[in-house]
Amino acid sequence: MARRIDVTGADGVRLAAWEFGDPAKAGPDPGEATAPDAPGVLLLHGLMGRASHWASTARRLSARHRAVALDQRGHGRSEKPPEGAFTRGAYVDDAEAALEQLGLGPAVLIGHAMGALTAWQLAAKRPDLVRGLVICDMRASALGSASQREWAEWFTSWPVPFATLADVRKWFGEDDPWVERPNPARGEFYAEVMAESPDGWRPVFDPDQMLRSRETWVYDAHWEELAQVRCPALVVRGLDGELGRAEAQEMVRVLPRGQYAEVADAGHLVHYDQPEAWLAAIEPFLDSLDGE
């Protein structure tokens with residue numbers, strides 16, 4: 001089950017947050033909700049993602065936590081203002097607003113890629129709201145102008161509109177030039193961010209807004225904010241992901257209370273490629289926080 005909760009982000013942008021729980025089970029207390037005072041967890045997806053990408057993780061965590069995933073501005077069911085701000089500050093302020101309006105803090109932030117950067121920047125800014133941090137496959141180093149050009153070219157290569165969702169799955173899972181070997185999980189990931197339009201299936205986001213969001217971080221390194229994170233933090237990388245082992249271990253060193261985990265047979269979409277191994281990597285960390 002997922003319950004939508006509306007949140008007002010920075011500059012009045014309307015955001016959709018989703019509180020997840022296991023489906024009701026037969027028994028003496030069917031449908032019993034997670035206790036309102038359960039430890040809060042806010043899950044932040046990456047660029048082009050959406051809250052529903054966290055569904056399996058959030059449902060698993062909901063047994064002992066209040067697990068909420070946020071559709072960030074420009075993504076999912078949240079507002080996509082044509083002239084809105086897609087800056088680092090706007091994303092961080094949105095997450096801060098979500099924690100405060102949902103009454104989740106001090107919470108554990110779990111972020112993937114861009115969402116992980118938002119999470120550690122918020123943890124540095126508002127340590128009172130964040131008691132733990134999980135960083136999934138996000139680099140702290142600058143990626144540079146070449147990376148931004150590659151992304152712009154990649155967006156133009158998409159054969160949109162797609163005739164069917166099967167075509168979406170096939171292109172992103174097999175035919176996309178960025179795919180080194182067939183990856184059905186990647187196809188499913190992108191199928192989840194498509195919506196049917198009169199002429200076929202198109203992304204629910206505006207690619208130009210995605211590029212505007214990305215250009216606010218790719219030219220800069222983010223080690224300074226990482227060093228300002230005072231809560232326990234776990235850096236997780238897929239062995240075939242975008243975050244290399246050496247950089248991940250340097251991030252752990254820079255973090256005042258950093259820890260490290262890696263997931264085999266996983267690429268950038270760690271939680272999608274290997275959901276059980278991903279959970280096995282993060283649950284001991286979450287248990288340690290609950291024991292403090």
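Because the structure is a prediction, the values reported are computed rather than measured.

Basis of the calculations
Counting restarts for each chain: residues are numbered from 1 in the order of the written sequence. Totals for whole chains, interfaces and linings use all residues, but because this is a predicted model, local features are given only for residues with pLDDT of at least 70 and pairs of side-chain atoms are given and counted only at 80 or more. The side-chain numbers reported here are obtained from all heavy atoms of the structure, hydrogens and water having been left aside. Helix numbering and strand numbering both begin at the N terminus, where a helix is a DSSP run of H or I of at least 4 residues and a strand a DSSP run of E of at least 2. We compute the radius of gyration from the C-alpha atoms alone; for a globule the expected value is 2.2 Å times N to the 0.38, where N is the number of residues. The criterion used for residue contact is that any of the two residues' heavy atoms lie within 4.5 Å. Per-residue accessibility takes into account occlusion by the displayed protein chains alone, with areas from the Shrake-Rupley method and a 1.4 Å probe. For Phe, Tyr and Trp, where Trp contributes only its six-membered ring, two rings pair if their centres lie within 6.5 Å, and the inter-plane angle classes them as stacked under 30 degrees, edge-to-face over 60, or tilted in between. Note on classification: 1.4 Å probe, protein chains only; a residue is buried when its accessible area is under 20% of the maximum for its type, exposed when over 50%, partly exposed between these limits. Every axis corresponds to a line fitted to the C-alpha atoms, with the helix fit spanning only the stretch in contact, and the corresponding angles, defined between N-to-C directions, vary from 0 to 180 degrees. Here roughly perpendicular refers to angles of 65 to 115 degrees, roughly parallel to angles under 35, roughly antiparallel to angles over 145, and oblique to all remaining angles. Helix crossings get a hand from a simple test, with the near helix turned counterclockwise from the far one by less than a right angle marking a left-handed crossing and a clockwise turn marking a right-handed one. The nonpolar class holds Ala, Val, Leu, Ile, Met, Phe, Trp, Tyr, Cys and Pro. Asp, Glu, Lys and Arg form the charged class, and all remaining residues, Gly among them, are polar. Working note: the arc is built from the helix axis to C-beta atom directions.

## Here we look at the overall build of the protein
And then number 1: Along the backbone of the protein there are eleven helices and ten strands.
And then number 2: By the compact-globule yardstick of 19 Å for 292 residues, the protein fits well, its C-alpha radius of gyration being 18 Å.
And then number 3: Taken over the C-alpha atoms alone, the protein extends approximately 50 × 45 × 40 Å along its principal axes.
And then number 4: When contacts within the protein are restricted to residue pairs at least 6 apart in sequence, long-range pairs at least 24 apart make up 72% of them.
And then number 5: Approximately 12,500 Å² of the protein is accessible, and the part contributed by carbon and sulfur atoms is 50%.

## Observations regarding the environment of G103
And then number 1: Looking at the element boundaries, G103 is found in the loop between α2 (88-102) and β5 (107-112).
And then number 2: It is 9.5 Å that separates the C-alpha atoms of G103 and D37, two residues lying 66 residues apart in sequence.

## A look at the packing of aromatic side chains
Describing an aromatic ring pair means giving the distance of the ring centres and the angle of the ring planes.
And then number 1: Under the criterion given, the structure shown has 18 aromatic pairs.
And then number 2: Look at W158 and F172: their rings are 4.9 Å apart centre to centre, the planes differ by 85°, and that puts the pair in the edge-to-face class. Here the residue W158 occupies a position in the loop between α4 (145-157) and α5 (165-175), and F172 occupies one in helix α5, the gap between them amounting to 14 residues.
And then number 3: With a relative accessible area of 6%, W158 lands in the buried category.
And then number 4: A ring pair is formed by F172 and Y190, whose centres lie 4.3 Å apart and whose planes are at 15°; its orientation type is stacked.

## Quick word on the packing of α5 against helix α6 (residues 184-191)
And then number 1: Where α5 contacts α6, the axes come no closer than 7 Å and their chain directions differ by 130°. Between α5 and α6, the crossing angle belongs to the class labelled oblique. In the crossing of α5 with α6, the sense of the turn from one axis to the other is right-handed. Residues L165, V168, R169, F172 and G173 of α5 form the contact with α6, whose own contacting residues are R186, G187, E188, Y190 and A191.
And then number 2: Each residue belonging to the contact of α5 with α6 can be placed in one class, and the counts come to five nonpolar, two polar and three charged.

## Observations regarding helix α9 (residues 245-254)
And then number 1: Within α9, the full set of buried residues consists of E247, A248, M251, V252 and V254. The arc enclosing the buried residues of α9, seen along the axis, measures out at 165°, which places them on a common side. Of the exposed residues in α9, the ones pointing more than 90 degrees away from its buried face are A246 and R253.
And then number 2: Each element contacted by the buried residues of α9 is listed here: α3 (114-125), β6 (130-136), α8 (223-227), β9 (233-238) and β10 (258-263).

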